[in-house]
Amino acid sequence: TIGFTDSDTYALLSQAAPTVVFDIEGYTDWQLLTRQCGEVLGKAAEIEQIEANYAAKLQAFRAQLPGGADQIKVSVVSFYPGRISAFGKETFTGTVLAAAGLSRPPQQADTEIVQVSLERLSDIDGDVLFVLRPQSQTKEAGDVRAALDNIKDHPLWAKLEVVQAQRVYEVDAHWVGAGYIAANLILDDLLKYGVGSQ
């Protein structure tokens, strides 16, 4: 068993199977967690290759950025009925964007997930806005689509500079995932939508 647990749960789990507990802070430690899993599972060499591939992809992405690209503010948001969530620097997504050499709007610069009121919708503005799209055909996904459509119909949405510049993109769940597969997919999206070339 590999996971996060407290001492009581560890004692119970270790009776059933060998158990490893990782001492990490959260989603920003995803690279450390991957490395530790690799060590525990005897896959350290494979993890080193995955890390090297990711580092090379980051370097290639940063190399194609023009001067001053570190000032490009990338905003990442999800919409639910009655709730707008912005993903800050202290999230998985934030670590990837920082490693890619991109900046964040001030309200997302030093935080995890921040709730944004409709009246403060301008807090999600940036040079590029990535919006998490509904991920399935469930009722919840329908509610997310309705919330997103409602926001897009609101007069405050049209006032956002990123909307006026037509730099809003709907993306999939890898933006709020964790791990090298998701991180590489985020880099693919940054390239796909020309982040850094505006």
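The numbers attached to residues start from 1 for each chain and follow its sequence in the written order. At least 70 in pLDDT is required for a residue's local features to be given in this predicted model, at least 80 for side-chain atom pairs to be given and counted, and no such filter applies to totals for whole chains, interfaces and linings, which use all residues. The basis for the side-chain values is all heavy atoms of the structure; hydrogens and waters are excluded.

Another aspect to go through is helix H2 (residues 30-40). Of all the residues in H2, the buried ones are Trp 30, Thr 34 and Gly 38. Viewed end-on, H2 has its buried residues packed into an arc of 80 degrees, placing them on one side of the element. Think of it this way: any DSSP run of H or I at least four residues long counts as a helix, any run of E at least two long counts as a strand, and we number them from the N terminus. Immediately beyond the C-terminal end of H2, within one or two residues, lies Gly 42, with a positive phi of roughly 70 degrees. Three labels apply to residues, based on accessible area from a 1.4 Å probe with only protein chains included: buried if under 20% of the type maximum, exposed if over 50%, partly exposed otherwise in between. By arc we mean the arc of the directions from the helix axis to the C-beta atoms, nothing more.

For this analysis, a ring pair means two rings from Phe, Tyr or Trp (six-membered ring only for Trp) whose centres lie within 6.5 Å, classed as stacked if their planes differ by under 30 degrees, edge-to-face if by over 60, and tilted for the remaining angles. For the structure shown, the criterion picks out nine aromatic pairs. Relative to Trp 157, the ring of Phe 79 has its centre 6.1 Å away and its plane inclined at 70 degrees; by these criteria the two rings are edge-to-face. Of this pair, Phe 79 sits in strand S3 (residues 74-80) while Trp 157 is found in helix H6 (residues 155-158), placing the two residues 78 residues apart along the sequence. Geometrically, the ring pair formed by Phe 130 and Trp 175 is stacked, given 4.3 Å between the ring centres and 25 degrees between the ring planes. One end of the pair, Phe 130, is in strand S6 (residues 128-132); the other, Trp 175, is in the loop between strand S7 (168-171) and helix H8 (180-192), and 45 residues separate them in sequence.

We now examine the packing of helix H4 (residues 92-99) against H8. Helix packing geometry: the angle between the two helix axes and the distance between the axes. As a rule, the C-alpha atoms of each element are fitted with a line to give its axis, helices using only the stretch in contact, and angles between N-to-C directions run from 0 to 180 degrees. The N-to-C vectors of H4 and H8 enclose an angle of 55 degrees; their axes lie 10 Å apart at closest approach. Taken as axis vectors, H4 and H8 run oblique relative to one another. The interaxial crossing formed by H4 with H8 has right-handed handedness. Facing Phe 92, Val 96 and Leu 97 of H4, the residues of H8 in contact are Ala 182, Ala 183, Ile 186, Leu 187 and Leu 190. Here the nonpolar group is Ala, Val, Leu, Ile, Met, Phe, Trp, Tyr, Cys and Pro; Asp, Glu, Lys and Arg are the charged ones; every other residue, Gly included, is treated as polar. Partitioning the contact of H4 with H8 into residue classes produces eight nonpolar, no polar and no charged. Under this scheme an angle from 65 to 115 degrees is roughly perpendicular, one under 35 degrees roughly parallel, and one over 145 degrees roughly antiparallel; angles in between are oblique. In this scheme the handedness of a crossing depends on how the near helix is turned from the far one: anticlockwise by less than a right angle means left-handed, clockwise means right-handed. Contacts are residue-level and defined by heavy atoms, with any inter-residue pair within 4.5 Å sufficient.

By salt bridge we mean one thing: a side-chain nitrogen of Lys or Arg within 4 Å of a carboxyl oxygen of Asp or Glu. Enumeration according to the criterion identifies eight salt bridges in this entry. With a closest N to O distance of 2.9 Å, Glu 51 and Arg 35 form a salt bridge. Residue Glu 51 is located in helix H3 (residues 44-63), and its partner Arg 35 is located in helix H2; the two are separated by 16 residues in the primary sequence. For Glu 51, a relative accessible area of 17% puts it in the buried group. Residue Arg 35 is classed as partly exposed on the basis of its relative accessible area of 35%. Among the ionic pairs, Arg 133 bridges to Glu 170, the shortest N-O distance being 4.0 Å. Here Arg 133 is found in the loop between S6 and helix H5 (139-153), whereas its partner Glu 170 is found in strand S7, with 37 residues between them in sequence. Given a relative accessible area of 17%, Glu 170 falls into the buried group. It is possible to trace a salt-bridge network through shared partners that takes in Arg 133, Arg 145, Asp 149, Lys 152, Glu 170 and Asp 172.

The five strands are arranged S5-S4-S3-S6-S7 in an open sheet whose pairing can be described as mixed. Each having just a single partner strand, strand S5 (113-115) and S7 make up the two edges of the open sheet. Averaged over all adjacent pairs, the angle separating strand axes in this sheet is 30 degrees, with direction ignored. Across four bridges, the pairing between S3 and strand S4 (residues 83-87) is antiparallel. Residue pairing for S4: Tyr 80 is matched across the bridge by Arg 83. Strands S3, S4, S6 and S7 of the sheet are contacted by H5, whose axis makes an angle of about 120 degrees with S3. Strand pairing is assigned whenever DSSP identifies at least 2 bridges connecting the two strands.

Function cannot be inferred from these measures alone, as they are strictly geometric.
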